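Fold and contact review
The residues making up each chain are set out below.
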Amino acid sequence: MQDPYGAFRRDLVSSLRLSAQAARKLAPVSGPSGQTTQVDPVDYVPLDTSGVGDFPWEWNNLGTFNAETWNFLNTIASKTSRGAIRLTAGFTTWYFNIISATAYLWTDKDQADVNKHLIAARMAQGQLINTYQSMFAPISPADKQTAATALGASTVSNLTYVVDYQIAFRWSGREAAGLPPLTASEIRSGPLASLFAHAPTNAQQTFLPTLKAALGHEQDWARQIDRLWNLSRSIRDAAANTQAPDVANHSGMYTVDRTGNTVVRHSFAVSPPVEDIRSQLSSSATIEVTFSAKRTAKGQTVVNMAGKPAASVPAGVVSVAPNKGAARDLFAHDGSGDRAEVKIIYHGPAEITVAATPFAQADPDTTTGWYFEHPIVQAATNQALNVPRGYHFQIPVGGGHGLGANVGTVQKLLVCRAVTLQVVYPKGDLGRLSKSVPTGSKTSASLMGEVHLKSSAHQSVKTQVQTDQKSGAPSLVLTAGPPGDADTPGPRAHVIGARVTHPFPKIATALQKARPPPPTPHSGAQFGLEGGAVAAPATGGALVALYERAFGDITPAQLAAVQAPDPLAFVLHHVLGLDWSGRGRANKPALTLAEMRGARNLRSLFPEMPLAGAEVLTELHAYLSASNPP
């Protein structure tokens, strides 16, 4: 990207690094043991504020966040063709689009970890069945029908027959005592040894260790599956905190609109406090930048700063415009001559730090903040490396979506109360210059064509032509600042420059060369807000198949008994929504798909899941990840 002012800007920024005297006047930063260390200003880049105006520094407005400050910060920073920073509205919209395009697809290791626990649990379950049939007798269809009748179920599996019927109902003594069978949650929560109070000789010694192992492997599976669920759940929470923040999740700031209604916005942290900013802006401290300029025969301007090499720049390094009319550059005024000494004085400099509040999960039920960088960084890295696992983008995302090296957000601002621009013309003609330069209270000026000083409701800009007190040469003096007392800052501070942070600096280069990853077929473990580019949504067929493999085929009689239109509805509404959730037993409405998708811990929604249900819930994760499952 061509930057004709590059060398000059570097010198300008170098001069903006405050002198030791001016730096000491900036607000000190607390150090160890209560000591203070002086701020060492970073390199600032000139900021084009034409689209957003000067910075509304009074961000704390009676306990609410100033809506004007929010609008200034809710911007995307990008470099202009001349190397300055331009702010474009819509940072949260940009971020929401990116985070919503991000999903989590199980890695091979994720799947292996889940399978490890499932296989171990399945082996323990099989051992329970084999041991029972070896000690007593093969389980017949008649035995299972007896168990189903006793348990109030339509059918039972061999595992249910051994654990729920024989161990938890008969051997526990509940059948003999006329008590109802234990529920799945009661079996898991009670002392397992009590289930063998009336068991045959040696049954407890034989079965208890294996039962403990089966339940232990199930707990290991649940922890792993919930960890993976939360990798996807956290993305949805971050997106929700951006799209519709509310008071409960502490993700937003309050702004008050003109009607007096409270509007919740998104969190930015701004420091230092407003009173400290006011004190800095009101101070007598100044930053001064000086350079000389000479017009060349080729229409360029050569600028010199003390101790720096000369730089040739376009003629419009400084321009002044009347209230109505075209701007004229430094040497376009009649009587200006071909030389100029320029001094820019910034009054009351203040350094302000801003940051988007990062997303965090304070506890399983509370999320705070909204800016969640890690998943996007990993997804972009995976895209660049053609890795279709882990966090990934469901649509191709590149520099055009704001992930390139040219895009960032404001991190620091260097602002001031007022600005004085002095241009002395050593070879100028005072009379001719007075008639040529636009004067008055509504003029405007720009530096390098992009750093603007212009009149507004919060700032007046006034230009005068006078004799320089030191040299006696004619000079142009432009002052920009709040109306009224010269030492009192107005509601907006002039922005001298900004420092930009790039959300994804390590991946920008790789992204520019990356190709979108190839479509990946549904693996039975797709998480996140799915789109159509990476994985097809789950249809529910795998969910039904796994249920039937563990608990037997779903018969027409079963569908008719609960008025289910198809096997998928039977599993979702009757099995999961009523039976495994425990809501049917409690005479409560069935658990809905929306409640399942919104869960922070999916396993906890199904306390009555049978011992053989882990594989079904594993596939349920994939099904719920589909954007619009049937």
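Here, the structure is the one placed above.
1. Topic: the packing of aromatic side chains
Applying the stated criterion across every chain, the model contains 25 aromatic pairs. Here the aromatic rings of Phe136 and Trp171 are separated by 5.8 Å at their centres, their planes lie at 55°, and the arrangement is tilted. With Phe136 in the loop between α5 (108-135) and α6 (141-151) and Trp171 in helix α7 (residues 158-171), this residue pair connects regions lying 35 residues apart in the sequence. Judged by relative accessible area, Phe136 falls into the partly exposed class, the value being 36%. The class of Trp171 is buried, set by a relative accessible area of 6%. By the ring-pair criterion, three or more aromatic residues cluster together here, those being Tyr132, Phe136, Tyr161, Tyr165, Phe169, Trp171, Phe196 and Phe207.

2. Details of the sheet that holds strand β17 (residues 339-347)
Ordered in space as β14-β13-β12-β17-β23-β27-β26, the seven strands form an open sheet in which the pairing is antiparallel. Single-partner strands in this sheet number two, and they are β14 (311-314) and β26 (460-467). Taking each pair of neighbouring strands and ignoring which way they run, the sheet shows an average axis angle of 25°. Across nine bridges, the pairing between strand β12 (residues 286-295) and β17 is antiparallel. Residue pairing across strands places Lys294 opposite Arg339, the latter belonging to β17.

3. Some details on the pairing of strand β8 (residues 102-105)
Put simply, side chains in a regular strand alternate between the two faces of the sheet. Because side chains alternate across β8, one face comprises the buried residues Thr102 and Tyr104, and the other comprises Ala103 and Leu105, equally buried. With four bridges joining them, β8 and strand β21 (residues 390-393) adopt antiparallel strand pairing. When the bridges of β21 are listed, Leu105 appears paired with Gly390.

4. Description of unusual backbone geometry
The omega torsion across Ser271 and Pro272 is 5°, close enough to zero to call that bond cis. Mapped onto the secondary structure, Pro272 falls in the loop between β11 (268-271) and α10 (274-282). One non-glycine residue, Asn202, lies in positive phi territory at about 70°. Mapped onto the secondary structure, Asn202 falls in the loop between α8 (184-189) and α9 (203-243). One non-glycine residue, Asn587, lies in positive phi territory at about 55°. In this fold, Asn587 is placed in the loop between α16 (567-580) and α17 (593-597).

5. Some details on the side chain of Ser336
In this structure, Ser336 sits in the loop between β16 (328-329) and β17. Within the structure, the side chain of Ser336 is placed 3.3 Å from the backbone oxygen of Phe331, a separation counted as a polar contact. Reaching out from Ser336, the side chain makes a polar contact with the backbone oxygen of His333 at a distance of 2.9 Å. Non-local contacts of Ser336, meaning those with residues more than four positions away in its chain, are made with Leu330, Phe331, Tyr425, Gly428 and Leu433.

6. Some details on helix α4 (residues 91-100)
Every buried residue of α4 is listed here: Phe91, Thr92, Trp94, Tyr95, Ile98 and Ile99. Take α4 and look down its axis: the buried residues cluster within an arc of 155°, on one side only.

7. Topic: the sheet that holds strand β25 (residues 451-454)
Strand order in the open sheet made by the four strands is β16-β15-β24-β25, with antiparallel pairing throughout. Only two strands of the sheet have a single partner each, and these edge strands are β16 and β25. Relative to strand β24 (residues 444-447), strand β15 (residues 318-321) runs antiparallel, the two being bridged by four bridges. The residue of β24 that forms the bridge with Val320 is Ala445.

8. A word on α10
For α10, the set of buried residues is Val274, Ile277, Gln280 and Leu281. Down the axis of α10, the smallest arc covering the buried residues is 125°, so these residues share one side.

9. Comments concerning the packing of α4 against α9
A pair of packed helices is characterised by two quantities: the angle between their axes and the separation of those axes. Here α4 crosses α9 at 155°, and the two axes come no closer than 10 Å. Taken together, the axes of α4 and α9 are roughly antiparallel relative to one another. Once α4 is placed against α9, the crossing between them reads as left-handed. The residues of α9 that touch α4, namely those facing Thr92, Tyr95, Phe96, Ile99 and Ser100, are Ile235, Ala238, Ala239, Thr242 and Gln243. Here the contact of α4 with α9 is built from residues that sort into six nonpolar, four polar and no charged.

Analysis parameters
Residues numbered from 1 in each chain as written. Predicted model: local features only at pLDDT ≥ 70, side-chain atom pairs only at ≥ 80, totals over all residues. Heavy atoms only, no water. Phe/Tyr/Trp six-rings, centres within 6.5 Å; stacked < 30°, edge-to-face > 60°. Helix = DSSP H or I, 4+ residues; strand = E, 2+ residues; numbered from the N terminus. Buried < 20%, exposed > 50% of the residue type's maximum accessible area, 1.4 Å probe, protein only. Pairing = 2+ DSSP bridges. Axes fitted to C-alpha atoms, helices over the stretch in contact; angles between N-to-C directions. Polar contact = N/O pair within 3.5 Å; in protein donor to acceptor, adjacent residues only side chain to side chain. Contact = heavy atoms within 4.5 Å. Arc of directions from axis to C-beta. Parallel < 35°, antiparallel > 145°, perpendicular 65-115°, else oblique. Left-handed = near helix turned anticlockwise from the far one by under 90°. Nonpolar A, V, L, I, M, F, W, Y, C, P; charged D, E, K, R; others polar.

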